[in-house]
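# Coordinate inspection notes
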Amino acid sequence: MSTITRSLSEERSDETKRPQGLSALDQLEAEGIHIIREVVAEFERPVLLFSGGKDSVVVLHLAAKAFAPGKVPFPVLHVDTGHNFPEVIAFRDETVARLGIDLEVARVQDYIDDGRLAERPDGTRNPLQTQPLLDAIAAGKHDAVFGGARRDEDKARAKERIISLRDEFGQWDPRNQRPELWSLYNGRHLPGQHVRAFPISNWTEADIWNYIDRENIALPPLYYAHQREVFRRDGMWWAVGEFSQPRAGEEVVRRTVRYRTVGDMSCTGAVESDAADTASVAAEVQRSTLTERGATRADDRISEAAMEDRKKDGYF
Amino acid sequence: MSNLAADVSSRSARSTASERARTLFRFATAGSVDDGKSTLVGRLLHDAKAILADQLEQVAATSRQRGFAHGEFDFALLTDGLRAEREQGITIDVAYRYFATDRRSFILADCPGHVQYTRNMVTGSATADAVIVLVDARKGIIEQTRRHLAVVSLLRVAHVVIAVNKIDLVGFDENRFVEIELEAARVAEQLGLPGIHVLPVSALEGDNIVDRSERTPWYQGPTLIDLLESLPTAVEIEDTAAPFRLPVQLVLRPQGGLSPEIADPERYRDFRGFAGRIAAGTVSVGDSVDVFPGGHSTTVTGIHIAGQEADAATAAQSVTLTLADEIDAARGAVIAASGTIPAGRREAVVELFQLDPRATTTGSKVLVKHGTATVQALIAEVIDRRDLETLAHHDAESLAVNEIGRVRLRFAANLPLEPYAQSREGGSLVLIHPADGATLAAATVED
């Protein structure tokens, strides 16, 4: 999340300094790799949810390190809302080609076309992802599904285990979770159940950016400042595009913006920023007074428990 | 209450270089109902500027709905993440919170006190470097404080901080604080807790949390955040001379499946790497190692830390080792410094923390996970149950949920167990239900 600068630390004498061990980032990286290896060792058919967003990119980077010099031993799954930023789809395809891994795609559009799902009145497709996701997990016989969710993103996610059981309906039961002790993860499950595995549970947004900076990890260009035609709605900047058009009275302007999260084009807003590289983004994240979801996600503004409600139904 | 409008301009952008130097400190908070734990957590997050404007706005709006005065906040709303928790005003489960100062990144496990306190305390404290136990200055050390301290003692958490909260409500009275401090020292001695830190705080008013209070001039010790920033982590205080241990998670044999990013594939054609996270000690290229089980000896020929080649690696790093000889070391094996492999054991007496509602009884069959090994096991004998106020042993036939006691386990295969007192990783187990997979209990190896 965020950090502080306190005068106290400058005043502190040298005698209280402790020998420096591994840095927080080193420890988080080691923990993430350990979790990914545990899941690959104990499950038959893991898959990684990969949206091209920064968090799933970091998980994939950790997976590449965990199995080097071998390639990542599982495919990635993208739940395609049909409302994607084209730059993100291009990035997704380049990334899987570079790493030599398989890409599975579950398309919300297919479900809308044949009537299994109906378009929502507000036009957002994020909540519609759950059914295609669960069907793709079943079709791929995936018993473990890696995700890039972090506990600092949301109150409901703050309570989720690193290895989190889903029942045969894909549901999360937040009141009946297995205790998780030491680094002894329990992934036992019955046929039909699966687990979600969150290797970067303990990372904050600042950790993600510092790590991307340190490791020089490629991201979709949307994350960095660029010029874009945008309009103002609900206190956020929306890109003018195929899936988000200004309504009457919403003025289109050209601004320098970047995205803090990358999701469905119809529910993800941009922030004004001139941070054009990872180091400036990392510094901007430190200074921000809004959470990334509060700043840019319309779907989480529905209610205080919006994420919990979606997660219970099997969402990411 | 202090001005909650975060002073944003005072936060300067800092170089990512200093971000990278920060170390990680894990701690848990525990307290009884109404000790002010949520307020303390809210205060820490707020004073560390880890609560952002939109979160604060949400909390402010809900606080007003609940009848809090304008400008006052129900801090519990920040930690009670689930709908049921907010609706019922109770905390069900451990919640994780994150904040950072210049020196450290913190992972805070916020453990609810009243419902299933043992289960939550064990979950939150098992990996903690420190546990903060809250005490109400008006009530002093009560039965539940003793229970929390007992659990912390059995889990051998490195540091215990007793925060004597609501010191404002006893008029910042030094005598009252000293009384509680002495009682805490007495309980700590009885429970075998080595070093405890006792400090007077007011979570509501912010005294001695981040800034030293002018209202407790008689208190010369550190503030809470001073302690959290300076106490050595479990990894830092671990004996650096501890013998090297690598539980093997899996064997990497990429053969044809090399990453396309590898520049010289010929070099890795016969690669066979042993992947795992170092549980203890250090390892260097050229070191002699022994492998459990079997006891075969060989030499370390290469080390990769998180995919990068290195000459040496240390505890907590995820590594891949290559060895000179083609030895059998599958998942569940342990690679150890030469001459130090633990004896394989088919039986052990453990301290068992019962987490599942189905009681542990003599004769039941379970699965045991230790390191990267999972084996069948039998509860050969329930020996006794702990009195959770004194840690005294009482005869028992079974252990019900939230009870702690000693059990003799018999394993279907040899396990390289080590006393928990010597090694957190080598001496910890979880018990799993063989049919439905539930986590039944946590256990620590006694001797």
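You'll find chain A entered in an unreviewed UniProt entry as Sulfate adenylyltransferase subunit 2, with Microbacterium natoriense given as the organism.

### Considerations on the overall build of chain B
On a plain count of helices and strands, chain B comes out with 10 helices and 25 strands. Across the 447 residues that make up chain B, the buried fraction comes to 50%. Partitioning the intrachain contacts of chain B with sequence separation of at least 6 by distance along the chain shows that 70% fall at a separation of at least 24.

### Observations concerning helix H8 (residues 174-191) of chain B
All names here are of chain B. Counted at 1.5 Å a residue, the expected span for H8 with its 18 residues is 26 Å, and the 26 Å between its end C-alpha atoms agrees. Taken as a whole, H8 has its buried residues at Phe177, Ile180, Ala184 and Val187. Take H8 and look down its axis: the buried residues cluster within an arc of 90°, on one side only. Of the exposed residues in H8, those oriented more than 90 degrees away from the buried face are Asn175, Leu182, Arg186 and Glu189. Residues of H8 that are buried make contact with strand S4 (130-136), helix H7 (143-154), strand S5 (159-165) and strand S6 (196-200). A positive backbone phi angle near 75° is found at Gly192, which sits one or two residues after H8.

### Quick word on the pairing of S4(B)
All names here are of chain B. With seven of its seven residues buried, S4 lies for the most part within the structure. In terms of strand pairing, S4 meets S5 through seven bridges, oriented parallel. Note on S5: the bridge partner recorded for Val131 is Val160. Handedness of the crossover joining S4 and S5 through H7 is recorded here as right-handed.

### Remarks on the sheet that holds S6(B)
All names here are of chain B. The mixed open sheet is built from six strands, whose spatial order is S2-S3-S1-S4-S5-S6. Both edges of this open sheet fall to strand S2 (95-100) and S6, since each of them pairs with a single strand only. The sheet shows a mean angle of 25° between the axes of neighbouring strands, taken without regard to direction. The sheet strands contacting H8 are S4, S5 and S6, and the helix crosses S6 at an angle near 165°.

### What about the sheet that holds strand S9 (residues 253-258) of chain A?
Across the sheet, four strands lie side by side as S8-S7-S9-S10 (chain A); this open sheet has antiparallel pairing. If you trace the sheet from one side to the other, it starts and ends with strand S8 (236-239) and strand S10 (271-272) of chain A, each paired once.

### Overview of the domain arrangement of chain A
Residues and elements named next belong to chain A. As far as domains go, chain A holds domain 1 (24-206 + 306-312) and domain 2 (220-300). On the domain 2 side, the residues contacting the 22 residues of domain 1 number 20 residues. Elements supplying a minimum of two residues to the side of domain 1 that touches domain 2: helix H4 (86-99), helix H7 (205-215) and helix H10 (306-312). Among the elements that line the side of domain 1 that touches domain 2, the one with the most residues is H4, at three residues. Residue composition of the side of domain 1 that touches domain 2, by class: seven nonpolar, nine polar and six charged.

### Things to note about the nonpolar core
The biggest cluster of nonpolar side chains holds 201 residues, and the ones touching the most others in it are A:Leu48, A:Ala197, B:Phe27, B:Val131, B:Ala163, B:Val164 and B:Ile335. Among the elements that take part in this core, helix H2 (residues 24-42) of chain A stands out by supplying nine residues, more than any other. Residue contacts for B:Val164: discarding those within four places in its chain leaves B:Val135, B:Ala137, B:Phe177, B:Ile180, B:Val198, B:Leu199, B:Pro200 and B:Val201.

### Section: the packing of helix H3 (residues 54-67) of chain A against H7(A)
Packed helices, taken two at a time, are described by the angle their axes make and the gap between the axes. All names here are of chain A. At a minimum axis distance of 11 Å, the contact between H3 and H7 shows a crossing angle of 50°. Comparing the axis directions of H3 and H7 gives the class oblique. For the crossing formed where H3 meets H7, the hand is left-handed. Listed contacts from H7 to Lys54, Asp55, Val58 and His61 of H3 are Ile208, Tyr211, Ile212 and Glu215. Residue classes in the contact of H3 with H7 are distributed as four nonpolar, one polar and three charged.

### What to know about unusual backbone geometry
Note: most peptide bonds trans; most residues except glycine with negative phi. For the bond running from A:Ala68 to A:Pro69, omega is 5°, close enough to zero to count as cis. Residue B:Pro293 follows B:Phe292 across a cis peptide bond; omega there is -5°. Considering the arrangement of structural elements, one finds B:Pro293 in the loop between strand S11 (288-292) and strand S12 (297-305). Of note, A:Lys141 is a non-glycine position whose phi angle comes to about 50°, a positive value. Within the secondary structure, A:Lys141 sits in the loop between helix H6 (130-139) and strand S4 (144-146). Judged by local crowding, A:Lys141 falls into the exposed class, with 10 C-beta atoms found within 10 Å. Here the phi dihedral of A:Trp182 falls at roughly 45°; this positive angle occurs in a residue that is not glycine. Along the chain, A:Trp182 turns up in the loop between strand S5 (163-166) and strand S6 (194-197).

### A short note on the confidence of the model for chain B
All names here are of chain B. Residues at a pLDDT of 70 or more form 89% of chain B, whose mean pLDDT is 87. Here helix H1 (residues 16-21) stands out as the element of chain B with the lowest mean pLDDT, 60, in contrast to strand S19 (residues 365-370), whose mean of 98 is the highest. Low confidence marks residues 1-16, where pLDDT is under 50. Its contacts with residues over four positions away, or in another chain, come to 26 contacts. Both scores are given for the predicted complex: the pTM is 0.90, the ipTM 0.91.

### Looking at the environment of A:Lys311
Residue and element names in this part refer to chain A. Its location among the elements puts Lys311 in helix H10. When the C-alpha atoms of Lys311 and Pro127 are compared, they prove to be 10.0 Å apart, with 184 residues separating the residues in sequence. Not counting residues within four places of it along the chain, the set of residues in contact with Lys311 comprises Ala156 and Trp172.

Definitions and cut-offs
Residues numbered from 1 in each chain as written. Chains lettered and ligands numbered in written order. Predicted model: local features only at pLDDT ≥ 70, side-chain atom pairs only at ≥ 80, totals over all residues. Helix = DSSP H or I, 4+ residues; strand = E, 2+ residues; numbered from the N terminus. Buried ≥ 20, exposed ≤ 12 C-beta atoms within 10 Å, placed from the backbone. Contact = placed C-beta atoms within 7 Å. Expected span 1.5 Å × (residues − 1). Arc of directions from axis to C-beta. Pairing = 2+ DSSP bridges. Right-handed = clockwise from strand over helix to strand, strands pointing away. Axes fitted to C-alpha atoms, helices over the stretch in contact; angles between N-to-C directions. Domains from an automatic or database assignment. Nonpolar A, V, L, I, M, F, W, Y, C, P; charged D, E, K, R; others polar. Core = buried A, V, L, I, M, F, W, Y, C linked by C-beta atoms within 7 Å. Parallel < 35°, antiparallel > 145°, perpendicular 65-115°, else oblique. Left-handed = near helix turned anticlockwise from the far one by under 90°. pLDDT = per-residue confidence, 0-100.

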